[in-house]
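Observations on the three-dimensional arrangement
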Amino acid sequence: MLYEWIKALHVMAIISWMAALLYMPRLMVYHCDAPVGSPQSETFKVMERRLLKAIARPAMGVSWLAGLYLAWQGGWFASGWFHVKLALVIGLSVAQEYQARWVADFAADRNSRPARFFRLMNEVPTLLMIGIVIMVIVKPF
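This one's a predicted model, so the numbers in the text were calculated from it and none came from an experiment.

**Examining the layout of surface pockets**
Its boundaries defined by the atoms lining it, the largest pocket holds a volume of some 570 Å³. For the largest pocket, the lining is made up of 27 residues, of which His10, Ile14, Lys85, Ile132 and Val136 are closest to its centre. Elements with a contribution of two residues or more to the lining of the largest pocket: α1 (2–32), α2 (39–74), α3 (80–107) and α5 (123–138). Examining the composition of the lining of the largest pocket, we find that eight residues originate from one element, α1, more than from any other. When grouped by side-chain class, the residues that make up the lining of the largest pocket number 21 nonpolar, three polar and three charged.

**What to know about the packing of α1 against α3**
Contact geometry for α1 and α3: axes closest at 11 Å, N-to-C directions at 40°. Classified by the angle their axes make, α1 and α3 are oblique. You can see that α1 and α3 cross each other, and the crossing is left-handed. Counted together, His10, Trp17, Met18, Ala20, Leu21, Met24, Pro25, Met28, His31 and Cys32 of α1 and Lys85, Val89, Leu92, Ser93, Gln96, Gln99, Trp102, Val103 and Phe106 of α3 form the full contact between these two elements. For the contact of α1 with α3, a count of residues per class yields 13 nonpolar, five polar and one charged.

**Describing the UniProt feature "transmembrane region" (unreviewed entry) in the protein**
In this numbering, the UniProt entry assigns the feature "transmembrane region" (unreviewed entry) to residues 6–24, 78–96 and 117–138. With 100% helix and 0% strand, residues 6–24 has end C-alpha atoms that lie 27 Å from one another. Split by type, residues 117–138 is 95% helix and 0% strand. Its first and last C-alpha atoms lie 32 Å apart.

**Some remarks on the side chain of lysine 85**
By secondary structure assignment, the location of lysine 85 is in helix α3. For the buried lysine 85, no salt bridge is present, and the opposite-charge side chain at shortest range is glutamate 4, 14 Å distant. In contact with lysine 85, not counting residues within four places along its chain, are His10, Ile132, Met135 and Val136.

**Here's the deal with the packing of aromatic side chains**
Scanning the model with the defined rule gives nine aromatic pairs in all. The interplanar angle of 80° and the centroid separation of 5.2 Å between the aromatic rings of tryptophan 102 and phenylalanine 117 together place this pair among those described as edge-to-face. With a gap of 15 residues between them, tryptophan 102 in helix α3 and phenylalanine 117 in helix α4 (residues 115–121) connect regions that are remote in the sequence. Through a chain of ring-to-ring contacts, three or more aromatic side chains come together here, namely Tyr98, Trp102, Phe106, Phe117 and Phe118. Lying across the ring of tyrosine 98, arginine 101 places its NZ or CZ 5.3 Å from the centre.

**Side note on the side chain of serine 38**
Secondary-structure assignment places serine 38 in the loop between α1 and α2. Accessibility expressed as a relative area gives 13% for serine 38, which makes it buried.

**A closer look at the nonpolar core**
In this structure, Met24, Met28, Leu51, Leu52, Val103 and Phe118 are the most contacted members of the largest nonpolar core, which totals 16 residues. The biggest single contributor to this core is α1, with five residues. For methionine 28, the contacting residues outside a window of four places in its chain are Glu48, Gln99, Trp102, Val103, Phe106 and Phe118. Within the second largest apolar cluster, ten residues are counted, among which are Leu21, Met60, Val89 and Leu128.

Reading the values: the criteria
Residues numbered from 1 in each chain as written. Predicted model: local features only at pLDDT ≥ 70, side-chain atom pairs only at ≥ 80, totals over all residues. Heavy atoms only, no water. 1 Å grid on protein atoms, 1.4 Å probe; cavity = no way out; pocket = protein on both sides within 12 Å on 5 of 7 lines; lining within 4 Å. Points joined across faces, edges and corners; volume = space filled by probe spheres on them. Helix = DSSP H or I, 4+ residues; strand = E, 2+ residues; numbered from the N terminus. Nonpolar A, V, L, I, M, F, W, Y, C, P; charged D, E, K, R; others polar. Axes fitted to C-alpha atoms, helices over the stretch in contact; angles between N-to-C directions. Parallel < 35°, antiparallel > 145°, perpendicular 65-115°, else oblique. Left-handed = near helix turned anticlockwise from the far one by under 90°. Contact = heavy atoms within 4.5 Å. UniProt positions renumbered as here; feature names shortened; annotations may be inferred. Buried < 20%, exposed > 50% of the residue type's maximum accessible area, 1.4 Å probe, protein only. Lys, Arg positive; Asp, Glu negative; His and termini not counted. Salt bridge = Lys/Arg side-chain N within 4 Å of Asp/Glu carboxyl O. Phe/Tyr/Trp six-rings, centres within 6.5 Å; stacked < 30°, edge-to-face > 60°. Lys NZ or Arg CZ within 6 Å of the ring centre and 35° of its normal. Core = buried A, V, L, I, M, F, W, Y, C linked by side-chain atoms within 4.5 Å.

Here is the structure:
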């Protein structure tokens, strides 16, 4: 029964984490259009910081802890599909750390990237998620 509760927790954490990963670059797209020092820019800074610290990072931590527990209990560490999934989840974690650096750049008014860059980066978590879902549901190898 504990396994099922941990699985539910894992799914909820993943939904929260993905929401943050997908929303952050969108905020940055709009932040690029806000003049430095403007009230709008300062509001985006608060939104980005809160999204990162109150949602993204805690959700990532819970996702990792619950996911590793599920993998251990399920005996999946020897499965090929799990190795691919693990690599893709590491990719999501790296994507979040890049987003954290961009949050810091915006907070210090030193962003040098155009809005188009953040539009493209918004697709990275989606592509990684597609691979993860295929590995978990289909288990192709």
